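Geometric and topological summary
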Amino acid sequence: SEVEAGVALDVIRSHPGDYARLQLAGMANLLLSPGRSRWTISMGGEPEFRPVARMIAERGWVAGLWQAARGELWITLLALLRVAWLLGLYALALIGLVQLVRQRRPALWLPLAAYTLYALLLAGPLGDSRFRVALLPSLVFFAGAGWVVLRSWWIARETNRPAQH
């Protein structure tokens, strides 16, 4: 309702630093959470309702990761593999985005980069892995561009010719 929206805006305006910190934690959870509770439920385990980013924020890196990993080992290994896959996707996407920006072709990257930023911000402080679905098309596009860059670099390295992107 309009009243609730007004109250929410008042809270954000009166505590911008706290809201920014919560927003960043939500974005980290959106990007890095492997969806462990959903994995656990689908495998017949008990769900863990606190996101990994929140556990790390509450207990520190070591204790937060330990608490996240306390479940069954194989479920934890699947979650870690998924996070590794996501980090690889993000690295390729970043390489691709940088290359597209360097080529000075904003028509290729600007709309998708704006959409990606919008989707990241839209998830808010309670970012969850299920909201990542909206980001995947643009991330895969940028990752494909990153793959072309790495492939060109590798071929140029093997043949001792300059890389062409």
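In short, a report on the structure. Residue numbers run consecutively from 1 along every chain, following the written order of its sequence. Given that this is a predicted model, residues contribute local features only at a pLDDT of at least 70 and side-chain atom pairs are listed and counted only at 80 or more, while totals for whole chains, interfaces and linings are drawn from all residues. Excluded from the side-chain calculation are hydrogens and water; included are all heavy atoms of the structure.

On to the environment of L100. Relative to the helices and strands, L100 is located in helix α6 (residues 73-102). Between the alpha carbons of L100 and G146 there is a distance of 9.1 Å; along the sequence they are 46 residues apart. In contact with L100, other than residues within four places in its own chain, are R105, L108, W109, F141, F142 and A145. Where helices and strands are cited, they refer to DSSP runs of H or I of at least four residues and of E of at least two residues respectively, numbered from the N terminus. Only heavy atoms matter for contacts: two residues are in contact if any of them lie within 4.5 Å across the pair.

Relative orientation of the contacting elements helix α2 (residues 16-32) and helix α7 (residues 106-122) amounts to 110°, with a least axis distance of 9 Å. Of the possible angle classes, the one that applies to α2 and α7 is roughly perpendicular. On α7, the residues touching Q23, M27, L30 and L31 of α2 are A119, L120 and L121. Of the residues in the contact of α2 with α7, the class split is 6 nonpolar, 1 polar and no charged. To obtain an axis, a line is fitted to C-alpha atoms, over the contacting stretch when the element is a helix, and the angle between two such axes runs from 0 to 180 degrees between their N-to-C directions. Our angle categories are set so that under 35 degrees counts as roughly parallel, over 145 as roughly antiparallel, 65 to 115 as roughly perpendicular, and the remainder as oblique. Gly is put with the polar residues, along with every residue not named as nonpolar or charged; the nonpolar set is Ala, Val, Leu, Ile, Met, Phe, Trp, Tyr, Cys and Pro, and the charged set is Asp, Glu, Lys and Arg.

One can describe the packing of α7 onto helix α8 (residues 136-159) by two numbers: an axis separation of 9 Å at closest approach and a directional angle of 140°. Put simply, α7 runs oblique to α8. Crossing geometry of α7 relative to α8 is assigned as left-handed. Residue-level inspection shows L108, W109, L112, A113, Y115 and T116 of α7 in contact with α8, the latter providing S138, F141 and F142. Taken together, the residues that form the contact of α7 with α8 break down as 7 nonpolar, 2 polar and no charged. For any pair of crossing helices, the crossing counts as left-handed if the nearer helix is rotated counterclockwise from the farther one by less than a right angle, and right-handed if it is rotated clockwise.

So, about the nonpolar core. In this text, buried Ala, Val, Leu, Ile, Met, Phe, Trp, Tyr and Cys residues form a nonpolar core when linked through side-chain atoms within 4.5 Å. The rule is simple: take the accessible area with a 1.4 Å probe, protein chains only, and divide by the maximum for that residue type; under 20% is buried, over 50% is exposed, in between is partly exposed. Of all hydrophobic cores here, the largest spans 17 residues; its most connected members are L135 and L139. Looking at this core, the elements that each hand over two or more residues are α2, α6, α7 and α8. In terms of residues, this core owes the most to one element, α6, which gives 6 residues. Setting aside its immediate chain neighbours within four residues, L139 contacts L89, Y90 and A93.

This part covers the packing of aromatic side chains. Only Phe, Tyr and Trp rings are paired, with Trp represented by its six-membered ring, and only when their centres lie within 6.5 Å; those with planes under 30 degrees apart are stacked, over 60 edge-to-face, the remainder tilted. Under the counting rule described, the total for this entry stands at 2 aromatic pairs. Relative to F142, the ring of F141 lies with its centre 5.6 Å away and its plane at 65°, an arrangement referred to as edge-to-face. A residue is classified by how much of its surface remains accessible, and F142, at 4% relative accessible area, is buried. With 6.1 Å between their ring centres and 55° between their planes, W153 and W154 make a pair best called tilted.

By themselves, these are just geometric observations and shouldn't be taken as functional.
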